[in-house]
Amino acid sequence: MKAVVQRASRASVEVNNEDVGSIQKGLVVLLGVSHEDTEEDARYLAKKIPYLRIFEDDDEKMNHSLVDLGGKLLSISQFTLFGDCRKGRRPNFMQAAKPDQAKKLYETFNHMVENEGVGVETGEFGSMMNVALTNSGPVTLILDSKER
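Every chain is numbered independently, its residues counted from 1 as its sequence is written. For this predicted model, a pLDDT threshold of at least 70 governs which residues receive local features, and a threshold of 80 or more governs which side-chain atom pairs are given and counted, while totals over whole chains, interfaces and linings are taken from all residues. Values reported for side chains reflect all heavy atoms of the structure, with hydrogen atoms and water molecules removed beforehand.

Peer 1: Can you help me understand the pattern of salt bridges in this one?
Peer 2: The salt bridge definition used is simple: a Lys or Arg side-chain nitrogen within 4 Å of an Asp or Glu carboxyl oxygen. In the structure shown here, the tally under the stated rule is nine salt bridges. Of the charged contacts in the structure, one is a salt bridge between glutamate 40 and arginine 43, with a shortest N-O distance of 3.0 Å. Here arginine 43 and glutamate 40 lie together in helix 1 (residues 39-48), a separation of three residues that amounts to about one turn. For lysine 146, the salt bridge identified is with aspartate 41, shortest N-O distance 3.0 Å. Placement of lysine 146 in the segment after strand 8 (130-144) and of aspartate 41 in helix 1 is noted, with a sequence separation of 105 residues between them. Only DSSP runs of H or I covering at least 4 residues are called helices, and only runs of E covering at least 2 are called strands; the numbering of each starts at the N terminus.

Peer 1: Help me understand the environment of valine 13 in this model?
Peer 2: By secondary structure assignment, the location of valine 13 is in strand 1 (residues 2-15). Partly exposed residues are those whose accessible area sits between 20% and 50% of the maximum for their type, while under 20% is buried and over 50% is exposed, using a 1.4 Å probe and protein chains only. Residue classification places valine 13 among the buried residues on the basis of a relative accessible area of 0%. Separated by ten residues in the primary sequence, valine 13 and isoleucine 23 place their C-alpha atoms 9.4 Å from one another. By definition in these notes, contact holds between two residues if any of their heavy atoms fall within 4.5 Å. Leave out the neighbours within four places in its chain, and valine 13 touches Glu18, Asp19, Val20, Gly21, Leu74, Ile76, Thr122, Gly123, Met129, Asn130 and Val131.

Peer 1: When you look at the side chain of glutamate 116 in this model, what are you seeing that I'm missing?
Peer 2: For glutamate 116, the location among the structural elements is in the loop between helix 3 (99-115) and strand 7 (119-122). Side chain to side chain, glutamate 116 and lysine 47 meet in a polar contact 2.8 Å long. Excluding anything up to four places from it in sequence, glutamate 116 contacts Ala46, Lys47, Tyr51 and Val67. Counting of polar contacts relies on pairs of N or O atoms within 3.5 Å, with two restrictions inside protein: one atom must be capable of donating a hydrogen and the other of accepting it, and residues adjacent in sequence are counted only when both atoms are side-chain atoms.

Peer 1: What exactly am I supposed to notice about a negative patch on the surface here?
Peer 2: By definition, no residue in a patch forms a salt bridge, and every one has over 30% relative accessible area; like charges are joined within 9 Å, nonpolar side chains (Val, Leu, Ile, Met, Phe, Trp, Tyr) within 5 Å. Reported accessibility uses the Shrake-Rupley method at a 1.4 Å probe radius. Residues are deemed covered only where the shown protein chains occlude them. Counted as positive: Lys and Arg. Counted as negative: Asp and Glu, with His and the chain ends omitted from the count. To locate a charge, the coordinates of NZ of Lys, CZ of Arg, CG of Asp or CD of Glu are taken. On the surface, Glu14, Glu18, Asp19 and Glu124 cluster together into a patch of negative charge. Topologically, aspartate 19 is positioned in strand 2 (residues 18-23).

Peer 1: Explain helix 1 to me, please; I cannot follow it from the model alone.
Peer 2: Looking at helix 1, one finds that the buried residues are Asp41, Ala42, Leu45 and Ala46. One side of helix 1 carries all its buried residues, which in axial view fall inside an arc of 130°. Turning to helix 1, the residues buried within the fold contact strand 1, strand 3 (26-32), helix 3 and strand 8. Directions pointing from the helix axis toward each C-beta atom define the arc.

Peer 1: In this structure, what is going on with the packing of aromatic side chains? I would like to understand it.
Peer 2: Geometrically, a pair of aromatic rings is defined through the distance of the ring centres and the angle of the planes. Two aromatic rings, drawn from Phe, Tyr or Trp (for Trp, its six-membered ring), form a pair once their centres lie within 6.5 Å of each other, and the interplanar angle then sorts them: stacked below 30 degrees, edge-to-face above 60, tilted otherwise. Summed over all chains, the structure comprises two aromatic pairs. Judged by centre distance (5.1 Å) and plane angle (65°), the rings of phenylalanine 79 and phenylalanine 93 are edge-to-face. Taken together, the residues span a long stretch of sequence, with phenylalanine 79 in the loop between strand 6 (72-77) and helix 3 and phenylalanine 93 in the loop between strand 6 and helix 3 at a distance of 14 residues. On the accessibility criterion, phenylalanine 93 (32% relative accessible area) is partly exposed. Here tyrosine 106 and phenylalanine 125 contribute two aromatic rings whose centre-to-centre distance is 6.0 Å and whose plane-to-plane angle is 40°, an arrangement assigned as tilted. You can see tyrosine 106 sitting in helix 3 and its partner phenylalanine 125 sitting in the loop between strand 7 and strand 8, a full 19 residues away along the chain. With a relative accessible area of 4%, tyrosine 106 lands in the buried category.

Everything listed here is a matter of coordinates, which is why it stays silent on function.
Below is the structure:
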């Protein structure tokens, strides 16, 4: 699994011009699932992301995690993270999981994050979504469950 993690002061996601999820101070996670991923990959990211110390303390050092702040996470399924652009001009998505597998692992990740005590808002799996965020910092990290 790949995750693009962005620290946000606010973020929201719309489907068909309707707000389906929003957060204030927290994290936006764009989550991609490959056909090789398992529940263990979801567990790894769900145990890692909420505890990343990427929020500032009183001395403006990144010492606090999402759990420390009691913030929320906005989770967006993002199969295009597995787009291979090495050949030609059209990305190849052969590494991305099929929808059934991807949805199951995406939902598993979200439930595991909730089990860590973090509120999770989501987009709508498989839908065209408009995601808006104010990236605070900016802080953006890329995590890959295969690169531990």
